[in-house]
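Coordinates in review
Below are the chains, spelled out letter by letter.
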Amino acid sequence: MKAIYPGSFDPVTSGHLDIAERAASVFDEVVVAVAVNMEKRPLFSVEERVEMLREACRHLDNVQVDCFEGLTVDYAERLGAGVVIRSLRAVSDFESELQMALMNKRLNENVEMLFMMTRADYSFLSSSLVKELAELGASIKGLVPTCVEDRLLAKLKTKGWEAESK
Ligand code: ADP
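First, a word on what this report is: a plain description of the structure on this page. Predicted model, so just to flag it, every value in this text is computed and none were measured.

Parameters and conventions
- Residues numbered from 1 in each chain as written.
- Predicted model: local features only at pLDDT ≥ 70, side-chain atom pairs only at ≥ 80, totals over all residues.
- Heavy atoms only, no water.
- Axes fitted to C-alpha atoms, helices over the stretch in contact; angles between N-to-C directions.
- Helix = DSSP H or I, 4+ residues; strand = E, 2+ residues; numbered from the N terminus.
- Left-handed = near helix turned anticlockwise from the far one by under 90°.
- Contact = heavy atoms within 4.5 Å.
- Nonpolar A, V, L, I, M, F, W, Y, C, P; charged D, E, K, R; others polar.
- Parallel < 35°, antiparallel > 145°, perpendicular 65-115°, else oblique.
- Near = heavy atom within 4 Å.
- Polar contact = N/O pair within 3.5 Å; in protein donor to acceptor, adjacent residues only side chain to side chain.
- Areas by Shrake-Rupley, 256 points an atom, 1.4 Å probe, with all protein chains shown as cover.
- 1 Å grid on protein atoms, 1.4 Å probe; cavity = no way out; pocket = protein on both sides within 12 Å on 5 of 7 lines; lining within 4 Å.
- Sits in = over half its atoms within 2 Å of the grid points.

Glancing now at the packing of helix α5 (residues 127-135) against helix α6 (residues 146-158). Running from N to C, α5 and α6 point in directions that differ by 65°, and their axes come no closer than 10 Å. For the element pair α5 and α6, the recorded crossing hand is right-handed. Packed against α5, whose contacting residues are V130, K131, A134 and E135, the element α6 presents L152, L153 and L156 at the interface. Classifying every residue of the contact of α5 with α6 gives 5 nonpolar, no polar and 2 charged.

Okay, structure coming up:
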């Protein structure tokens, strides 16, 4: 069975990677996919986010990294993936994820949304928090894959990026 794990991944964090690893042990194939979303103002380009994910997931034989535009369910169907994986960290994630899952079900009855619980160690972690921490000069060691650490610091130096709350 093939599954996709879509998200912004701006940038990929240790929490995302943990979900990708656990999903890879459940499904035959997992495609981690950067969703191109015009409404968000990402720090990293789609290409950069895909590159970092590829590096972070290199050790996972059955994981591929890709990007897509448009509806997640259409993308899943194009790939022949019957499952979309999302993850829940806190009750606050639940409401928006439920809404999205119900809408996706309405759009395509054949695609199943499956939710994995975050690991307790990463339950407080989000891409936006990591960006804010890095901007304020705090250590982000362990919160992101090592390949992301330097890239994030370099990026923040080159860009007058303002941390925004998501
Ligand atoms: P989106 O903008 O689509 O929510 P994200 O990149 O923020 O994309 O997250 C992608 C998925 O990964 C979401 O299902 C989100 O709940 C999950 N996720 C984000 N951070 C973590 C974390 N620390 N632990 C587990 N799952 C996470």
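Picking up after the structure, the text goes on.
With that settled, the discussion passes to the packing of helix α2 (residues 46-56) against α6. Direction vectors running N to C along α2 and α6 enclose 155°, while the axes themselves pass 9 Å from each other. By the criterion of interaxial angle, the relationship of α2 to α6 is roughly antiparallel. Side by side, α2 and α6 meet where E48, E51, M52, E55 and A56 of the first sit next to C147, V148, R151 and K155 of the second.

Now for the site of the ligand. Contacts to the ligand come from 17 residues, most closely from Y5, S8, F9, K40 and S87. Between the ligand and S87 there is a distance of 2.6 Å, counted from an oxygen atom to a backbone nitrogen or oxygen. The side chain of T118 places a nitrogen or oxygen atom 2.9 Å from a nitrogen atom of the ligand. Bound to the protein, the ligand loses 92% of the 550 Å² it would expose on its own. Counting atoms within 2 Å of the grid points, the majority share of the ligand lands in the largest pocket. Elements that contribute at least two residues to the shell around the ligand include exactly β1 (2-7), α1 (14-26) and β4 (83-88).

None of the figures reported here should be taken as evidence of function without further support.
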